[in-house]
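The chain contents come next:
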Amino acid sequence: QPILLANYTVPSYLVLKTDLTFDLHDDQTRVTALLTLQRNPQAVTDVDSLVLHGSELELESIALDDRVLTAAEYQVDGESLTLTGLPSQLTLRIVTRIKPHLNTSLEGLYQSRGLYCTQCEAEGFRKITYYPDRPDVMSEFTTRITADRQRYPVLLSNGNLVEQGELDGGRHFAVWHDPFKKPAYLFALVAGDLSFIENHFVTRSGRDVTLRIYVEAKDLDKCDHAMDSLKNSMHWDEEVYGREYDLDIFMIVAVDDFNMGAMENKGLNIFNTSCVLAKPETTTDVGFQRVEAVVAHEYFHNWSGNRVTCRDWFQLSLKEGFTVYRDAEFSADMGSRTVKRIEDVALLRTLQFAEDGGPMAHAVRPASYIEISNFYTLTIYEKGAELVRMLATLLGPEKFREGSDLYFDRHDGQAVTTDDFVQAMADVSGRDLGQFKRWYSQAGTPRIEVSDHYDEDALEYSLTFRQSCPPTPENTNKQPFHIPVKTGLLGTAGDLPLRLKDHPVDTETSDNTSIVLELTEAEQTFVFQQVHEKPVPSVLRGFSAPVKLHYSWQREDLITLMSRDSDGFNRWEASQQLALRVLHDLMQEASLATVSAATEEAIAALIDALQSVVQDETLDPAMVAYMLTLPTEAYISELATVIDVDAIHQARQYLQGRIAHALKSAFVSIYQRYDHQQAYRADARGIADRSLKNTALHYLSLLDDESWIETCYEQYRAASNMTDAMAALTRLVNTDNPLAATLAENALDNFYQRWQQEPLVVNQWFSVQAGCNLPDTLAQVKKLQKHPAFDSRNPNKIRALIGVFCNNNAVNFHRLDEQQQGQGYRFLADEIIRLNKQNPQIAARLLTPLTKWRKYDETRQQLMKAELQRILQEELSRDVYEVVSKSLAEA
Ligand code: ARG
Ligand code: ZN
């Protein structure tokens with residue numbers, strides 16, 4: 001029963017006005033919807049029927065122009081209610097009853113710790129009332145909420161507050177009006193006992209906007225970072241995109257039970273507490289950065305998503321890809337641009353590439369889906385952002401901004417498509433982006449083979465690129481992509497000036513030492529002239545396209561790039577390539593007890609190169625930390641044809657140990673040089689310094705020297721911030737040594753005692769234990785599921801314990817010991833079967849590690865497949881069914 005893009009038709013009726021009344025009572029909520037409808041002049045045929053969506057609703061009555069309809073006058077089936085023979089103008093008054101207190105799916109109207117809140121994207125509004133729940137139906141909403149005054153003093157919805165007052169029986173009401181037309185997925189309602197912090201922002205054109213962050217009273221001390229991030233975002237969007245806020249109030253509400261990170265409901269963003277609350281004692285640096293990024297992301301949606309929205313859910317990346325690109329650029333401007341790029345590319349190449357190579361691979365604009373909730377993916381978000389980044393690279397900053405202005409201008413108040421977005425970029429630049437659009441319709445990660453040739457007589461250097469793209473489930477034959485490859489050439493004294501034969505240098509998109517080569521054909525050669533020495537090519541600078549690049553660099557070339565490429569991203573990339581080679585050599589060794597001379601030589605070269613990195617004082621400490629960090633097991637696995645879980649883990653552990661020994665004195669001096677008394681600051685510098693210091697501690701903890709275990713314990717005890725505490729605790733928990741075990745147990749107890757009142761901190765406590773690489777972790781995870789602090793309904797808890805174990809602990813999840821044969825898989829399948837009914841979205845998301853079964857050895861494949869088949873026996877939600885059935889489908 002897939003939904004197809006090809007079947008899109010415009011809505012038959014428009015909803016001019018939507019007036020909602022919510023009467024919140026303990027046993028039920030009564031929803032009255034008064035809809036003012038008009039036949040859509042754009043409708044292809046003169047239809048007189050209307051389909052309303054509705055799910056799990058109790059229909060009390062439905063009246064057409066004030067006349068109550070009998071059951072014979074409409075058809076309800078499955079998730080829809082159909083009316084026929086309608087006039088061209090009409091009103092509908094629909095009364096439904098729902099049960100938010102029993103809603104465990106966290107979709108529609110539900111309760112979280114006594115608070116009423118909503119999540120309507122993508123199709124949750126239909127769990128609130130019958131409605132044309134599709135994003136191209138945009139309406140002006142007025143919302144009246146009535147509730148008990150004592151328990152629900154705060155009543156919020158979208159837009160501006162227009163009225164509030166007292167009612168009989170200890171109840172009160174509030175009325176909100178949103179003047180901007182919006183689809184139902186942007187509707188929100190909150191009712192509860194919340195406190196807030198308030199601030200103001202005056203827009204460029206002089207609108208004084210009230211900013212409020214609503215949280216439980218106990219969390220008021222953790223809102224400042226989110227508020228700062230919000231103000232910075234508002235300012236940045238004015239400066240960089242010319243976009244201003246448009247209502248008198250902007251509200252953020254934090255809720256503890258939330259399926260995703262946050263939601264951009266017009267004027268009333270609802271956030272997972274994990275993406276709003278932050279203070280140094282309870283939140284790591286990664287947590288601080290996440291709050292900043294998510295606050296910005298949701299705020300930026302006010303234009304890229306709300307003012308201009310999606311025509312249908314196939315266009316999801318129109319708003320998500322663009323908004324991720326916007327928030328990434330914002331974070332780059334707030335902190336370190338190169339570091340942000342490294343982090344984003346690492347995520348993309350590890351998880352999105354894996355998705356693109358697996359059974360759930362789909363295009364950035366998919367052509368079909370069974371359940372749209374399954375398409376809030378790394379492909380839609382992160383790869384979608386890469387497509388926008390490529391457009392920005394191809395057009396250059398000025399034209400890109402013009403294109404963005406035109407897009408917002410032209411489509412304000414409309415529901416549009418990714419084609420419309422690209423068209424705006426084409427119109428301002430005069431460029432033909434027809435081929436570029438293949439990025440939206442063809443799934444899979446393109447592969448580029450690069451070869452080069454230096455002609456020392458002609459002083460010409462040529463680079464040849466061959467592109468291809470492996471088949472993906474719905475897409476076997478791929479046409480060549482339009483790929484911007486930012487390139488430079490390194491000579492002995494630095495970047496060489498570039499003179500490209502037959503190609504006028506486009507001064508808008510390139511300086512003299514970096515040029516954007518545009519690949520459009522399966523094979524293409526670019527010739528550089530007046531090249532006086534054989535250069536080292538620096539290709540795909542800044543990771544200018546989401547591709548897998550292959551070039552056989554000499555080891556020396558990588559060392560050159562690593563030490564002095566002008567592109568920071570490629571310096572890091574060279575360090576990773578160099579390390580990957582050594583790791584692969586190690587994985588070929590029969591035993592790590594004695595390694596071959598060739599491998600020894602490779603290790604020595606890597607260590608030498610890392611030594612220079614540590615000594616390079618021009619490098620940002622965050623860069624040093626990233627260059628010192630070996631590629632993750634997940635990334636090595638993504639690159640592998642068949643994933644050898646244990647060999648990867650052992651090779652990486654071994655190499656880390658070798659680096660620790662060889663660079664010991666450097667690590668000691670980094671650790672000692674660090675000012676352990678310095679005040680915590682969540683800025684780029686502070687984060688960078690902590691990251692380098694904790695990287696050094698990590699290596700030192702690998703030495704066979706218990707004093708460093710004691711140092712970890714000491715750092716844990718003395719830490720004034722969660723970053724340092726967690727870094728130290730993680731080392732203790734993962735160190736296979738009796739002293740470490742004792743100290744870890746001690747620290748874990750102490751940690752829980754200290755933080756048991758803070759759910760977000762308890763989540764970190766679950767995670768550090770679930771991520772432990774030592775044996776017996778599965779038993780520990782199962783034990784923790786019974787811990788009083790664990791809540792099997794709370795998505796954050798599920799992710800912290802079960803998600804971390806299955807996704808970030810490969811050696812244990814895939815363990816094949818005699819007693820533990822496939823136990824990890826069985827454990828996950830049991831959880832999915834349990835969650836399938838309770839919260840289908842979370843269940844489907846948790847499935848990811850099992851869907852990758854084809855990449856493992858025969859034994860693991862059989863065990864994983866058997867669990868998928870066992871799940872398939874159940875009565876499944878659409879969400880879980882789609883993922884399981886696609887995973888098992890013939891390749
Ligand atoms: N639009 C939200 C964001 O990216 C995500 C909401 C997705 N919710 C869902 N249930 N799939 O900011
Ligand atoms: Zn978003």
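J.: Summarise the coordination of the zinc ion (ligand 2); cite the residues concerned and give the values.
T.: Protein coordination at the zinc ion (ligand 2) comes from His-297 (NE2), His-301 (NE2), Glu-320 (OE) and Glu-320 (OE), with a distance range of 1.9 to 2.8 Å. Seen from the zinc ion (ligand 2), its six donor atoms lie at angles of 46 to 159°, and the figure they make is irregular. Within one chain, the residues serving as donors to the zinc ion (ligand 2) are arranged as H-x3-H-x18-E. Here the residue His-297 occupies a position in helix α2 (residues 285-300), and Glu-320 occupies one in helix α3 (residues 316-334), the gap between them amounting to 23 residues.

J.: Residue-level account of the state of the cysteines, with values.
T.: As enumerated under the stated definition, the model contains zero disulfides in all. With no disulfide of its own, Cys-120 lies 10 Å from the sulfur of Cys-117, the closest cysteine sulfur. Assessed through its relative accessible area of 0%, Cys-120 is described here as buried. We note that Cys-223 lacks a disulfide partner, and the nearest cysteine sulfur, in Cys-275, lies 14 Å from it. With a relative accessible area of 0%, Cys-223 lands in the buried category.

J.: Describe the sheet that holds strand β16 (residues 189-192), listing the residues and the values that go with them.
T.: In spatial order, the strands read β10-β11-β16-β13; together these four strands make up an open sheet with antiparallel pairing. Of all the strands in the sheet, the pair left with one neighbour each is β10 (108-112) and β13 (154-157). Geometrically, the sheet is characterised by an average inter-axis angle of 15° between neighbouring strands, direction not taken into account. Two elements, β10 and strand β11 (residues 115-119), share five bridges in a ladder whose sense is antiparallel. Looking at β11, one finds that Gly-108 is bridged to Gln-119.

J.: Report on the sheet that holds strand β8 (residues 80-83), specifying residues and quantitative values.
T.: Across the sheet, three strands lie side by side as β4-β8-β7; this open sheet has antiparallel pairing. In this open sheet, the two strands that pair with only one neighbour each are β4 (50-53) and β7 (75-77). Sheet twist, expressed as the mean angle between neighbouring strand axes with direction ignored, is 20°. As judged from the three bridges shared by β7 and β8, these two strands associate in the antiparallel manner.

J.: Would you mind going over the pattern of salt bridges in detail, with residue names and values included?
T.: Taken as a whole, this structure holds 70 salt bridges when the rule is applied. Taking the shortest distance from any N to any O, the salt bridge between Asp-133 and Arg-126 comes out at 3.0 Å. When sorted by exposure, Asp-133 lands in the same class as Arg-126, which is buried. We note a salt bridge from Arg-337 to Asp-333, for which the minimum N-O separation is 2.9 Å.

About the cut-offs
- Residues numbered from 1 in each chain as written.
- Chains lettered and ligands numbered in written order.
- Predicted model: local features only at pLDDT ≥ 70, side-chain atom pairs only at ≥ 80, totals over all residues.
- Heavy atoms only, no water.
- Donors = N, O, S within 2.8 Å, 3.2 Å for Na, K, Ca; no water.
- Tetrahedral: all angles 85-135°; square planar, octahedral: opposite > 155°, others 65-115°.
- Helix = DSSP H or I, 4+ residues; strand = E, 2+ residues; numbered from the N terminus.
- Disulfide = S-S within 2.5 Å.
- Buried < 20%, exposed > 50% of the residue type's maximum accessible area, 1.4 Å probe, protein only.
- Pairing = 2+ DSSP bridges.
- Axes fitted to C-alpha atoms, helices over the stretch in contact; angles between N-to-C directions.
- Salt bridge = Lys/Arg side-chain N within 4 Å of Asp/Glu carboxyl O.

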